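Breakdown of the fold
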Amino acid sequence: MGPTVLIDTAGVMLLWSLLEVLSSHFQDLMWGALSPINAMLSHSVSEPTANSTWRIAHRNFDGVDMQGCLNFSPVWFQQGRNASTACPEVSATLKARNPDQGGRDWLEQMMVPSAVLSAAMAIMHPDLYATGREAVICLYQDLAVPQSDDLAFAEMAEMLRLWPSVFTAASVMVNHSTPFHRDHNSRVQWYDLLASIGTYVSTWFEVPTLGTACYYPPGSVVTVSGLLVRHGVGPTEGNRLCFALYMQDNVHQAMGVQRSDWVCYRALPALWAGNV
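Residues numbered from 1 in each chain as written. Predicted model: local features only at pLDDT ≥ 70, side-chain atom pairs only at ≥ 80, totals over all residues. Heavy atoms only, no water.

Examined against the element boundaries, Asn 98 turns out to sit in the loop between strand S3 (68-72) and helix H3 (102-109). Setting aside anything within four residues of it in sequence, one finds Asn 98 in contact with Met 40, Ala 92 and Thr 93. (Helix = DSSP H or I, 4+ residues; strand = E, 2+ residues; numbered from the N terminus. Contact = heavy atoms within 4.5 Å.)

Shown next as structure tokens:
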């Protein structure tokens, strides 16, 4: 089965569904990269509190052998902070002072999968790919390098040199069911990219905003306007990894990068001709 695209009446592409496009070798690379972050994953799960997020709540995990949710970014703002009140920083999972350096080993092992998935965005949303690439370059050249005498910015520059994606953040979710939600740090014109792998029994990527669901077997990739479209995935039988790539609007805003627009079905051939 070929790719499925959901568009609105104006021709705006809200979602791509690519069934079983990731080879078994590609999936093995992604699953194998979990090895250095096993301990970090297990420690990430917690009981719900007033200030905790559903992403790490114990009730949303169903794996016996492995479970957890971790976030990785070379440059982001901590929750509740923005460009007007704080400086961006490297995520805790990648910081040199973290006693568990598994995050950096994971990043090294994910170079090829991350780069391939990033490049796919040049096909599905060329303008977003170009905007994301510009943001990463600006973060390195205009923010991190000029202030590299500061240890925090020197570390940021190091992580940006290693970061293999136009997306500025990634989440690793293992044996995790996802309640319906929107991704509020994004923009409605942008895509989140979600790659699902493992040995699980096939499940569904549900999008109640659009009144439908997409078949979601292992090796599938979905890109979706995560802020506009509510989405979620229920529990599965068997091991599953969701690798989510996304951009954060406050990071782009801090660097003065022009935000990309919607991607329209009729405009894609011209965008491909000019950008791919």
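We now examine the packing of helix H1 (residues 24-32) against helix H4 (residues 111-124). Contact geometry of H1 with H4 gives a least axis separation of 9 Å together with a crossing angle of 120 degrees. Judged by the inter-axis angle, H1 sits oblique to H4. Of the two elements, H1 crosses H4, and the hand of that crossing is left-handed. When H1 is examined against H4, the residues Phe 26, Leu 29 and Met 30 are found in contact with a partner set consisting of Pro 113, Val 116 and Leu 117. Class assignment for the residues of the contact of H1 with H4 results in six nonpolar, no polar and no charged. (Axes fitted to C-alpha atoms, helices over the stretch in contact; angles between N-to-C directions. Parallel < 35°, antiparallel > 145°, perpendicular 65-115°, else oblique. Left-handed = near helix turned anticlockwise from the far one by under 90°. Nonpolar A, V, L, I, M, F, W, Y, C, P; charged D, E, K, R; others polar.)

In this section: the pattern of salt bridges. Following the criterion strictly, the structure yields five salt bridges and no others. For Glu 89, the salt bridge identified is with Lys 95, shortest N-O distance 2.5 Å. The exposure class assigned to Glu 89 is buried, which follows from its relative accessible area of 18%. The exposure class of Lys 95 is buried, given its relative accessible area of 9%. Of the charged contacts in the structure, one is a salt bridge between Asp 249 and Arg 259, with a shortest N-O distance of 3.1 Å. Taken as a pair, Asp 249 in helix H7 (residues 249-254) and Arg 259 in the loop between H7 and helix H8 (268-275) lie far apart in primary sequence, 10 residues in all. (Salt bridge = Lys/Arg side-chain N within 4 Å of Asp/Glu carboxyl O. Buried < 20%, exposed > 50% of the residue type's maximum accessible area, 1.4 Å probe, protein only.)

This part takes up the packing of aromatic side chains. The full count for this structure, using the stated rule, is four aromatic pairs. Geometrically, the ring pair formed by Phe 72 and Trp 106 is stacked, given 4.1 Å between the ring centres and 20 degrees between the ring planes. Of the two residues, Phe 72 is situated in strand S3 and Trp 106 in helix H3; the sequence distance between them amounts to 34 residues. For the pair Phe 72 and Trp 106, a shared accessibility class is recorded, and that class is buried. For the pair Phe 205 and Tyr 216, a centre-to-centre distance of 5.4 Å together with 65 degrees between the ring planes defines the contact as edge-to-face. One end of the pair, Phe 205, is in strand S7 (residues 203-207); the other, Tyr 216, is in strand S8 (residues 212-216), and 11 residues separate them in sequence. Of the two residues examined, Phe 205 and Tyr 216, each falls in the buried class. Seen from the ring of Tyr 200, Arg 240 lies directly overhead, with NZ or CZ sitting 5.8 Å from the centre. (Phe/Tyr/Trp six-rings, centres within 6.5 Å; stacked < 30°, edge-to-face > 60°. Lys NZ or Arg CZ within 6 Å of the ring centre and 35° of its normal.)

Further remarks concern the nonpolar core. Formed by 57 residues in total, the largest nonpolar core has its most connected members in Met 30, Ile 37, Trp 106, Leu 117, Val 172 and Phe 243. Ranked by the residues each element gives to this core, the list is headed by helix H5 (residues 126-144), at seven residues. If we skip the residues at most four places from it in the chain, Val 172 touches Leu 34, Ile 37, Leu 41, Gly 68, Cys 69, Leu 70, Phe 72, Trp 106, Leu 241, Cys 242 and Phe 243. Membership of the second largest hydrophobic core comes to 16 residues, among which are Met 173, Phe 205, Val 224 and Val 233. (Core = buried A, V, L, I, M, F, W, Y, C linked by side-chain atoms within 4.5 Å.)

So, about the sheet that holds S7. Spatial ordering of the open sheet is given by S5-S10-S7-S8, a layout of four strands whose pairing is antiparallel. Looking at the sheet topology across the chains shown, the edges are occupied by strand S5 (178-181) and S8. Direction aside, the axes of adjacent strands within the sheet are offset by 20 degrees on average. Taken together, the five bridges between S7 and S8 define a ladder with antiparallel strand orientation. By the bridge assignment for S8, Phe 205 is matched with Cys 214. (Pairing = 2+ DSSP bridges.)

The subject of this paragraph is the sheet that holds strand S4 (residues 169-174). Strands sit in the order S1-S2-S9-S6-S11-S4-S3 across an open sheet of seven strands; the sheet is antiparallel. Both outer strands of the open sheet, strand S1 (4-7) and S3, are each paired with one neighbouring strand and no more. Ignoring strand direction, the axes of neighbouring strands in this sheet form an average angle of 15 degrees. Bridge analysis of S3 against S4 gives five bridges, and the strand direction is antiparallel. Bridged to Asn 71 within S4 is Ser 171.

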